[in-house]
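# Chain and residue survey
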Amino acid sequence: MKSNYDIIVVGAGHAGCESAFSAAKLGSSVLLITMNMETIAKMSCNPAVGGVAKGQIVREIDALGGMTGIITDKSTIQFRMLNRSKGPAMWSPRAQCDRMEFSWNWRLALESNQNIDFWQDNVSEILSSGNKIDGVKTSLGIKFYCRALIITSGTFLNGLIHIGKKNFGGGRASESASYGITKSLNLLGFESGRMKTGTPPRIDGRSLDYSKMEEQTGDEDASKFSYWGQSTITKQKSCFITYTNPRTHDILREGFADSPMFNGSIQGIGPRYCPSIEDKINRFAERERHQIFVEPEGRDTVEIYVNGFSTSLSEEIQYRALQEIPGFENAKMFRPGYAIEYDYFPPTQLKASLETKLINNLFFAGQINGTTGYEEAACQGLIAGINAHQKINENAQLVLSRNEAYIGVLIDDLINKGTDEPYRMFTSRAEYRILLRQDNADQRLSKIGYHLGLLDNWKYDKYLTKIKNINSIITQTKTIKPSLEEINPILKALDSSLILEKVSLHKLLLRTNTSINNLTNNWFEYSKPFHSFSEEEKEEAEIMIKYAGYMEKEREMANKINSLEHISIKDDFNFNNVKSLSAEAREKLSKIKPSNIGQASRISGVSPADISILLVHFGR
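So, here's what we can say about the structure. (Residues numbered from 1 in each chain as written. Predicted model: local features only at pLDDT ≥ 70, side-chain atom pairs only at ≥ 80, totals over all residues. Heavy atoms only, no water.)

Residues of helix 18 (residues 583-592) that are buried: Ala585, Leu589 and Ile592. Within helix 18, the buried residues cover an arc of 75° as seen down the axis, which keeps them to one side. Exposed and facing more than 90 degrees away from the buried side of helix 18 are Ala583, Glu587 and Lys591. In this structure, the buried side of helix 18 is in contact with helix 10 (406-417), helix 19 (597-601) and helix 20 (608-617). Count one or two residues on from helix 18 and you reach lysine 593, which has phi positive near 55°. (Buried < 20%, exposed > 50% of the residue type's maximum accessible area, 1.4 Å probe, protein only. Helix = DSSP H or I, 4+ residues; strand = E, 2+ residues; numbered from the N terminus. Arc of directions from axis to C-beta. Contact = heavy atoms within 4.5 Å.)

Right, here's the structure in full:
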């Protein structure tokens, strides 16, 4: 049995899978250690990928050469592009997935790489010498050694499950918790804390009356996440919407006295933006109903995920309350919902590469850093896998800036501001939303993925062809000027003002109600050049035309702010020697140890005046 590896990845959730895949694809020998080989990439909570801001992250993973988008497309049972009624910066892809297919497809992808070995066991101890990682020891007493270690432990570290008055150790339903890693890291000097998340009950779909619910179908022209393949959806499954009511709420309140949320049993902080149903009716007592999404768990299974009904109340209360919801009168429960507490490590202890500051070549990714969600975990896993490989090969670390990717926003927020509640990505967290759209992630990141060696040659060639076609479309819109006889009837049909002299299509496309398709859908001579391009290419060209001015303003803003990133700060710089700084700034800067002035400016408690003082100190 092999005992030495370039990189060991602990945990095979969404972060661990992306870490193992990326590091192995780049050429490192990888050992993926998981407590259960049957639950690789298991969707612990809702069987869906994407959504607002999360969909953008998946596109970014795909553009860099990661696998989450590809795996999702293979497992999709419904696809929707959210927020189509808003501007392109808000469009967000979301896919309902087959839970079992998703896990199986990830396992096949990992097994297809000869650089990845697997070991089923619990890691009980982190091995290090001085400030450098050496490897891990498992519950079986086996020691594995490595040059770099990535911990992606999810909710398993000292996990504690709560259902009403009952609580018991576990990292997930019917799976044991992981013990030993927290203690080992604490002994090395790391600070840890507790967080909480939860999941709703699972229901037998055969027992539901869907006629009492609102059907939610997928998009007619279903798209996909990955830039590199075609949509494989042939028949989509519907989701449904129903609502709680005052009777539901009254029954739930009966369980409050025994609720671990309210009786002090749960110490960890839960996700602000995905509260439990008992938290909703307690905080929003004036509301008579809350929306419930009824989501299928797969293509063929009858199991239903009750999105919006996450709870830790007793199973008896859960069951009675559910049966008051329209369509759930005869519902049969497969298993109750529960809350889970677990250990995390405040991410201010990390560098921008996701390497820890205390121990060289030790990386954290996923919920261990205080995040929540498959997408947030997966992107951290990808970056940790890349940077672990880069570090042991003495190559430059990959650090994405806030104007390059939502991934950059997420990591920058975590390492500079930290989090004391589960961190979830939203578009509102990004100051450059027009630049960071879901449609242009390949334009932002594919070149990076290709030069790293993570993005295949044929994918990069496909990207280059797409960019060439988009530029060709934009050029042609500038040169083509249709006659008044051709274009005015179209403008009239669009309820757009007529033109009195010939103008370019480019100028017409600046109008809000025009598109390349509705201006060129007639077989006039000027329309013919556009029919050879794909819908994706035309849509992207149109967005670039309409939003060029806004994008340029954001680029200018980003360039001004990024100038601060180039003023570096040495690791051993003593901020306490700069007496002009406020006491809070000295404390926060000494703790986080920013690598440059730009990073320092984003730390909570560091004021613009403090940054001015640092600029003067560094002769700027």
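With that settled, consider the nonpolar core. Grouped together as the largest cluster of nonpolar side chains are 122 residues, with contacts concentrated most on Ile8, Trp106, Leu149 and Ile407. A total of 10 residues in this core trace back to one element, the largest contributor, which is helix 9 (residues 374-392). Formed by 21 residues, the second largest nonpolar core is a distinct cluster that contains Ile281, Val294, Ile304 and Leu313. (Core = buried A, V, L, I, M, F, W, Y, C linked by side-chain atoms within 4.5 Å.)

Our focus in this paragraph is the packing of aromatic side chains. The final tally for this structure, using the stated rule, is 15 aromatic pairs. Aromatic pair phenylalanine 524 and tyrosine 526: ring centres 6.0 Å apart, planes at 15°, arrangement stacked. You can call phenylalanine 524 partly exposed: its relative accessible area is 29%. The exposure class assigned to tyrosine 526 is buried, which follows from its relative accessible area of 7%. Ring geometry for phenylalanine 573 and phenylalanine 618: centres 5.2 Å apart, planes at 45°, overall tilted. Of this pair, phenylalanine 573 sits in the loop between helix 17 (548-562) and helix 18 while phenylalanine 618 sits in the segment after helix 20, placing them 45 residues apart in sequence. Phenylalanine 618 gets classed as partly exposed once you look at its relative accessible area, which sits at 26%. Taken together, the ring pairs in this structure connect Phe190, Phe345 and Phe364 into an aromatic cluster. Over the aromatic face of tyrosine 227 sits the side chain of arginine 59, whose NZ or CZ is 5.3 Å from the ring centroid. (Phe/Tyr/Trp six-rings, centres within 6.5 Å; stacked < 30°, edge-to-face > 60°. Lys NZ or Arg CZ within 6 Å of the ring centre and 35° of its normal.)

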